[in-house]
Amino acid sequence: MNTIRRTPPKPAPSQISGTLKLRPRTAEAADGDERKPEKPPAAGKPAWPKAPGDGAGRAGGRGKAAGGPSSRPVSAERKLRTDTGPEGRERASAARAAQQRESGPSPQGVRLSKIMAERGICSRREADEFIERGWVFVDGKRVSELGIRVEPGVRIDLAPEASRAQRQRVTILLHKPVGYVSGQPEPGYEPAVSLIGAANQFDRDTAQRFHPSQLKNLAPAGRLDIDSTGLLVLTQDGRIARQLIGDDSKVDKEYLVRVEGRLDADGLDLLNHGLELDGVRLRPAKVEWINDDQLRFQLREGRKRQIRRMCELVGLQVVGLKRVRIGKVKLGDLPLGQWRYLREDESF
């Protein structure tokens, strides 16, 4: 006998949670255009939903529709970083600088190493070394952070270790012969520093003995041309280097110059002040005759082959040039090709 179930069975639980929403019709569908049915996926392949902006004509690019923009926007700086070559790197650097300007004002104050160099405490390279070792005190507080900025009027002191390190750095006076270059070696010529050794030390009986470690970081403070002779300073001390060749240097140098030719009527006045080299006006000099074929030059700058070029502009040719003084330090009786230490009682 058949019976009729009065209570219908409960539906199976659904695996779908959330609220079902209908997608609004597009403008085209509203106008009467029907959407084409999508093609069913190939056998064995899942039907992945399309990302926004994907079209039927995908060109094979990852995340990019054919002929359309990338699905992920790329910042201008990121795009510039992908460029290769110097131009790309320059554009990327300019983009980073622009972002830094937009992010806010630059840190206040001046770099501590710059202030130390300007005050003549040491060179900027030495300042960074001292700061890194914790040998610098600003207003009584030890600092050890490179790149730190401070107010210009702060008090700066060095630890005893830094002062001892500075005293151990040497400054050497060399009587450079013709044929030696002041700085980097050139083909066929030896650098002047190759003359620094125990065999060529003029003051070995009265001063400290030379040690090869003193050649480390020993560099010329100023130039003297290959075909010139005279006093050349080599130093490990950044303070002396800045004093002699810094942009604000006031140390003058004296040269004895043997010349040939006939000086123009106003030539001597032009040598003292009125000439320019490479479109840049020279600083005032002091030039005078000391005999029929020899001039004395006193300059406060040292541009490449400056005296020779100055003489050529007024009708003279230099046949011999010797530097005999730098500031208050004279060449004196130092023999050609030999050297001595700068004494404690000497200064430029």
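Scroll up to find the structure this text is about.
What counts and what doesn't
- Residues numbered from 1 in each chain as written.
- Predicted model: local features only at pLDDT ≥ 70, side-chain atom pairs only at ≥ 80, totals over all residues.
- Heavy atoms only, no water.
- Phe/Tyr/Trp six-rings, centres within 6.5 Å; stacked < 30°, edge-to-face > 60°.
- Helix = DSSP H or I, 4+ residues; strand = E, 2+ residues; numbered from the N terminus.
- Buried < 20%, exposed > 50% of the residue type's maximum accessible area, 1.4 Å probe, protein only.
- Pairing = 2+ DSSP bridges.
- Arc of directions from axis to C-beta.
- Contact = heavy atoms within 4.5 Å.
- Core = buried A, V, L, I, M, F, W, Y, C linked by side-chain atoms within 4.5 Å.
- Axes fitted to C-alpha atoms, helices over the stretch in contact; angles between N-to-C directions.
- Patch = residues over 30% accessible without salt bridge, like charges linked within 9 Å, V, L, I, M, F, W, Y side chains within 5 Å.
- Areas by Shrake-Rupley, 256 points an atom, 1.4 Å probe, with all protein chains shown as cover.
- Salt bridge = Lys/Arg side-chain N within 4 Å of Asp/Glu carboxyl O.
- Lys, Arg positive; Asp, Glu negative; His and termini not counted.
- Charge placed at Lys NZ, Arg CZ, Asp CG, Glu CD.

## Quick look at the packing of aromatic side chains
- The full count for this structure, using the stated rule, is three aromatic pairs.
- Measuring from centroid to centroid gives 5.8 Å for Phe210 and Trp339, while their planes differ by 70°, and the two rings are edge-to-face. Here the residue Phe210 occupies a position in the loop between strand E8 (190-191) and strand E9 (219-220), and Trp339 occupies one in strand E18 (residues 339-341), the gap between them amounting to 129 residues. Exposure class is identical for Phe210 and Trp339. Each is buried.
- Here the aromatic cluster, defined as three or more aromatic residues joined through ring pairs, consists of Phe210, Trp339 and Tyr341.

## Some details on the pairing of strand E15 (residues 294-299)
- Of all six residues that make up E15, five are buried, and the element is covered over most of its length.
- Pairing geometry for strand E11 (residues 253-261) and E15, over six bridges, is antiparallel. Bridged to Val257 within E15 is Leu295.
- Across five bridges, the pairing between strand E14 (residues 286-291) and E15 is antiparallel. Note on E15: the bridge partner recorded for Val287 is Phe297.
- Between E14 and the antiparallel strand that follows it, E15, lie two residues.

## Brief notes about helix H7 (residues 238-245)
- Among the residues of H7, Gly238, Ile240 and Leu244 are the ones counted as buried. When H7 is viewed along its axis, its buried side chains cluster within an angular range of 160° and face the same direction.
- Packed against the buried residues of H7 are helix H5 (124-132), strand E6 (171-176), strand E10 (229-235), E11 and strand E16 (316-326).

## Let's talk about the nonpolar core
- One finds Leu174, Ile196, Tyr255, Val257, Leu271, Phe297 and Ile307 to be the most contacted residues of the largest nonpolar core, which totals 33 residues.
- Among the elements of the structure, E6, E10, E11, E15, helix H9 (306-313), E16 and E18 are those that each provide at least two residues to this core.
- Those residues within four positions of Leu174 in sequence are excluded, and the remaining contacts are Ala192, Leu195, Ile196, Gly230, Leu231, Leu232, Leu234, Leu334, Gly337, Gln338 and Trp339.
- In terms of nonpolar packing, the next biggest core, distinct from the first, is built from 18 residues, Cys122, Trp135, Ala159 and Ala165 among them.

## Notes on the sheet that holds strand E3 (residues 141-143)
- Pairing in this open sheet of three strands is antiparallel, and the strands run E3-E2-E5 from one edge to the other. Each end of this open sheet is capped by a strand with a single partner; those strands are E3 and strand E5 (156-158). Averaged over all neighbouring strand pairs, the angle between strand axes comes to 35°, with direction disregarded.
- Strand direction decides the pairing type here: strand E2 (residues 136-138) and E5, joined by three bridges, are antiparallel. Within E5, the position partnered with Phe137 by the bridge is Asp157.

## With respect to unusual backbone geometry
- The backbone of Asp278 shows a phi angle near 55°, a positive value even though the residue is not glycine.
- Relative to the helices and strands, Asp278 is located in the loop between strand E12 (276-277) and strand E13 (280-281).
- With relative accessibility at 61%, the residue Asp278 sits in the exposed group.
- For Arg305, which is not a glycine, the phi torsion comes out positive at approximately 50°.
- Looking at the element boundaries, Arg305 is found in the loop between E15 and H9.
- Of the residues examined, Arg305 reaches a relative accessible area of 33% and is grouped as partly exposed.

## Quick word on a positive patch on the surface
- A contiguous patch of positive charge on the surface is contributed by Arg111, Lys114, Arg124 and Arg149.
- Of note, Lys114 is situated in helix H4 (residues 112-118).
- Its relative accessible area of 35% is what places Lys114 among the partly exposed residues.

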